[in-house]
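# Fold and contact review
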Amino acid sequence: MKKLTFTFLFIVATTVMYSQTKIGLQAAYGTNTDFGIGAKASFGISDKFLASPSINYFFGESVQGASTSVLGINADAHYIVSDNNGLSLYPLAGINFTRSSATVLGISASSTEIGFNVGGGLNYELSSSLTGVFEAKYVLSAFDQAIFSVGVLYNL
């Protein structure tokens, strides 16, 4: 997991040096994981292509003696198909790493899966420094689920 995190941070750091950058927070809902919070970034590669890494932590459930949680790390590519009056629409595709953890009566277990993301979203320029984001995607993996997220990005 440390190698994956280092690789993810290295890609983000090198992309930041060459592009328009936006970073922010989001709330997410997964059809199999309920509600979560996360961070998202967006880097302009060209006029039409964006690289968009994100990380979401889903709280899971906690009942007497048992708890679950899910962490999803995504590396998505967006292709802007429409950009009118501050509203841009895009399809997306990407890679997903999901780590699911459970603890029952003090015994812990976890599982990590790699999958693919497909979906789409929209960005809306709220001001010169803020962008609203809505995204819907489906994760194709052993943890198949639809994820809906809404957030705000700060334009650096």
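Before reading further, recall that the structure is shown in the block above.
Figured I'd write up the structure that's included with this text. Bear in mind the structure is a predicted one, so any value in this text is a computation, not a measurement.

## Concerning the side chain of Ser 88
The residue Ser 88 is located in strand β7 (residues 87-104) in this model. If near-sequence neighbours (up to four positions away) are discounted, Ser 88 is found in contact with Ile 80, Ser 82, Asp 83, Gly 121, Leu 122 and Asn 123.

## Things to note about the pattern of salt bridges
A complete count under the given rule lists four salt bridges for this structure. Among the ionic pairs, Lys 40 bridges to Glu 135, the shortest N-O distance being 3.2 Å. Of this pair, Lys 40 sits in strand β2 (residues 34-44) while Glu 135 sits in strand β9 (residues 130-140), and the two are 95 residues apart along the sequence. Of the two residues, Lys 40 and Glu 135, both sit in the buried class. The closest approach of N and O atoms between Asp 76 and Lys 137, which form a salt bridge, is 2.8 Å. Here Asp 76, found in strand β5 (residues 66-79), pairs with Lys 137, found in strand β9; they are 61 residues apart in sequence, far enough to count as distant. The network of salt bridges with shared partners includes Lys 40, Asp 76, Glu 135 and Lys 137.

## Thoughts on the nonpolar core
Note that soluble globular proteins tend to have their nonpolar side chains buried in a common cluster. Judged by nonpolar contacts, Leu 50, Ile 80, Tyr 90, Leu 92, Val 133 and Leu 153 together constitute the single largest core of six residues. Those residues in contact with Leu 153 that lie beyond four places of it in its chain are Lys 22, Ile 23, Gly 24, Lys 40, Ser 42, Ser 129, Leu 130, Thr 131 and Val 133. Among the nonpolar cores identified, the runner-up in size contains five residues, and Phe 58, Val 70, Val 139 and Ile 147 belong to it.

The rules behind the values
- Residues numbered from 1 in each chain as written.
- Predicted model: local features only at pLDDT ≥ 70, side-chain atom pairs only at ≥ 80, totals over all residues.
- Heavy atoms only, no water.
- Helix = DSSP H or I, 4+ residues; strand = E, 2+ residues; numbered from the N terminus.
- Contact = heavy atoms within 4.5 Å.
- Salt bridge = Lys/Arg side-chain N within 4 Å of Asp/Glu carboxyl O.
- Buried < 20%, exposed > 50% of the residue type's maximum accessible area, 1.4 Å probe, protein only.
- Core = buried A, V, L, I, M, F, W, Y, C linked by side-chain atoms within 4.5 Å.

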